[in-house]
Amino acid sequence: MPINLQFEEVTKQRDQFMLRIPGIAIEQGEILGVIGNNGAGKSTMIQLVLGLIQPTSGDIYRYIEGELAPSLQDWKREVGFVFDDLSVYEDLHLTRLSSFLGEIYPDWDDTFFFSLLEKFEVDAKKKIKKFSRGMRMKAGIAAALAHHPKLLLLDEPTSGLDTKSRKQMIALLKKEHENNGTTIIFSSHILSDMEQLASSVWLMDKGEILISGAVEELQANHAVAEDGTIHKETASQEGVRTATLEELHDYYLGGDVE
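Since this is a predicted model, take the numbers as computed values, not measurements.

Peer 1: Where do I start with the pattern of salt bridges in this structure?
Peer 2: A side chain of one charge can pair with a side chain of the opposite charge if their charged atoms are brought near each other. Scanning all chains against the criterion turns up seven salt bridges. The residue R77 makes a salt bridge to D74 at a minimum N-O spacing of 2.8 Å. D74 sits in the partly exposed class, given a relative accessible area of 28%. Taking the shortest distance from any N to any O, the salt bridge between K164 and E121 comes out at 3.9 Å. Here the residue K164 occupies a position in helix α6 (residues 163-180), and E121 occupies one in the loop between α4 (110-119) and α5 (133-145), the gap between them amounting to 43 residues. According to the relative accessible area criterion, E121 is exposed, its value standing at 57%. Linked through salt bridges whose partners overlap, the residues forming this network are E65, E78 and K150.

Structure follows, in structure tokens:
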């Protein structure tokens, strides 16, 4: 399977925090969910991938259709990304934003963009600075998808969305993946959403990837006994089941998760 991204012993030092990503690849068509408590390094990883910050050491190789991208700029034309707000564009209304992004992305699909805004019930003639956090996120998702990217990078994409909008977003991402083979990398604290979407996960804590792999394999290799205790073994005995993502989170990271 062709790959989209290859990490080679990447580190990023930020004051007292150090992110470490070993030699690991993300395949074309993979849907990677990144789990971790606040400060785990999820957003730093996404910023590194986008080239917004540079690694302290190591390399990240970016690919288009299985070939090494000629440049970061060429690669970014094939990428959609969403952070937790649209503050950089807040003085624009979405009709003007569409014109602006259409000049950046050769494959910008104006019709698709406005159809997504209509689906999400977002007013295209309203300035972004007047949007709620949820409306900003919906607009950001529409903008990220409107040029049919090969790779989507989403930092907490369901944050601030109501239940109906979260379901719409998950269905939309599934459809985009099925129709176009889009690779998706997303972080989320809402593990019920991640369980519906992710094919693989990284569990991160304090800048380290504690475990990684296919969701089904990780769940099958962590058995939950009748008393609720989790064991690193195959769930093959009677009265023993496989772990959910929330249980894997609590087993490795602890804490309460929605």
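Peer 1: Which parts of the structure should I look at to understand the packing of α4 against α5?
Peer 2: For any two helices packed against each other, the geometry is given by the interaxial angle and the distance between the axes. As a packed pair, α4 and α5 sit with axes 9 Å apart at the nearest point and diverge in direction by 155°. The pairing of α4 with α5 is recorded here as roughly antiparallel in orientation. Of the two elements, α4 crosses α5, and the hand of that crossing is right-handed. Mapping the contact onto sequence places F112, F113, L116 and L117 in α4 and A139, A142, A143 and L145 in α5. Taken together, the residues that form the contact of α4 with α5 break down as eight nonpolar, no polar and no charged.

Peer 1: Sorry if this is basic, but what is going on with the sheet that holds strand β8 (residues 151-155) here?
Peer 2: As a general point, the strands of a sheet are linked pairwise by backbone hydrogen bonds and lie either parallel or antiparallel. Across the sheet, which stays open at both edges, the six strands sit in the order β7-β8-β9-β4-β10-β11 with mixed pairing between neighbours. The open sheet is flanked by β7 (79-82) and β11 (208-214), the only strands paired with a single partner. For this sheet, the mean inter-axis angle between neighbouring strands, taken without regard to orientation, is 10°. Note: strand β4 (residues 31-36) against strand β9 (residues 183-187), four bridges, orientation parallel. Looking across to β9, one finds that G33 is bridged to F186. Running over the sheet, helix α1 (residues 42-49) touches β4, β8, β9 and β10 (200-205) and is turned about 145° from β8. Most of the contacts of helix α9 (residues 245-252) go to β10, to which it runs at about 25°, and overall it touches β4, β10 and β11.

Peer 1: Just checking my understanding: could you explain the pairing of strand β2 (residues 17-21) for this structure?
Peer 2: Every regular strand shows the same layout, with side chains that alternate between the two sheet faces. Pairing between strand β1 (residues 3-14) and β2: five bridges, direction antiparallel. By the bridge assignment, T11 is partnered in β2 with R20. In sequence, β1 turns back onto β2 through a hairpin of two residues, with D15 there showing a positive phi of about 55°.

Peer 1: Hey, could you run me through the sheet that holds strand β14 (residues 241-242) in this one?
Peer 2: Ordered by their spatial adjacency, three strands build an open sheet running β13-β12-β14, and the pairing between neighbours is antiparallel. A single partner strand is all that each edge strand has here, and the edge strands are β13 (230-231) and β14. By the bridge criterion, two bridges tie strand β12 (residues 223-224) to β13 in an arrangement that is antiparallel. Within β13, the residue paired with V224 across the bridge is I230.

Peer 1: Honestly, α9 in this entry has me stumped. Any pointers?
Peer 2: Helical periodicity: at 3.6 residues per turn, an α-helix aligns residues three or four positions apart in one direction. Residues of α9 that are buried: L245, E247, L248 and H249. After α9 finishes, the residue G254 shows a positive phi value of roughly 70°.

Peer 1: For this particular structure, what's the right way to read α6?
Peer 2: For α6, spanning 18 residues, the distance from its first C-alpha to its last is 26 Å, which sits close to the expected 26 Å at 1.5 Å a residue. Where α6 is concerned, the buried positions are S165, R166, Q168, M169, I170, L172, L173 and E176.

Each value, and the rule that gives it
Residues numbered from 1 in each chain as written. Predicted model: local features only at pLDDT ≥ 70, side-chain atom pairs only at ≥ 80, totals over all residues. Heavy atoms only, no water. Salt bridge = Lys/Arg side-chain N within 4 Å of Asp/Glu carboxyl O. Buried < 20%, exposed > 50% of the residue type's maximum accessible area, 1.4 Å probe, protein only. Helix = DSSP H or I, 4+ residues; strand = E, 2+ residues; numbered from the N terminus. Axes fitted to C-alpha atoms, helices over the stretch in contact; angles between N-to-C directions. Parallel < 35°, antiparallel > 145°, perpendicular 65-115°, else oblique. Left-handed = near helix turned anticlockwise from the far one by under 90°. Contact = heavy atoms within 4.5 Å. Nonpolar A, V, L, I, M, F, W, Y, C, P; charged D, E, K, R; others polar. Pairing = 2+ DSSP bridges. Expected span 1.5 Å × (residues − 1).

Honestly, it's all geometry; don't read function into it.
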